[in-house]
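A look at the structure
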Amino acid sequence: LHELHIFLNGITTREREAFISIQGQGNSFEETAQFMGVGISTVQCYLKRAEEKVAKYLENGLQTALF
């Protein structure tokens, strides 16, 4: 949980809202877009950026753990 908290503090508020809504709560892109007051494509962009940061964070964390 500590690492998740660190990661979530490393992404923007909007990326975090989209990531938690879709990945954490299982909401659809449409539901998330309505909640956030933006278009579906904007939510997709936020989620993509958050997921890219997750991948980078995990990759860096793994590299750190190996050395």
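Residues numbered from 1 in each chain as written. Predicted model: local features only at pLDDT ≥ 70, side-chain atom pairs only at ≥ 80, totals over all residues. Heavy atoms only, no water.

On to the side chain of E15, then. Structurally, E15 is set in helix α2 (residues 13-24). Given the relative accessible area of 2%, E15 is considered buried. Within the structure, the side chain of E15 is placed 2.9 Å from the side chain of R49, a separation counted as a polar contact. Dropping the residues within four chain positions of it, E15 is found in contact with Y46, R49, A50 and K53. (Helix = DSSP H or I, 4+ residues; strand = E, 2+ residues; numbered from the N terminus. Buried < 20%, exposed > 50% of the residue type's maximum accessible area, 1.4 Å probe, protein only. Polar contact = N/O pair within 3.5 Å; in protein donor to acceptor, adjacent residues only side chain to side chain. Contact = heavy atoms within 4.5 Å.)

Glancing now at a nonpolar patch on the surface. The grouping of I6, Y57 and L58 at the surface amounts to a nonpolar patch, some 270 Å² of accessible area in total. Structurally, L58 is set in helix α4 (residues 40-66). The class for L58 is exposed, based on a relative accessible area of 55%. (Patch = residues over 30% accessible without salt bridge, like charges linked within 9 Å, V, L, I, M, F, W, Y side chains within 5 Å. Areas by Shrake-Rupley, 256 points an atom, 1.4 Å probe, with all protein chains shown as cover. Salt bridge = Lys/Arg side-chain N within 4 Å of Asp/Glu carboxyl O.)

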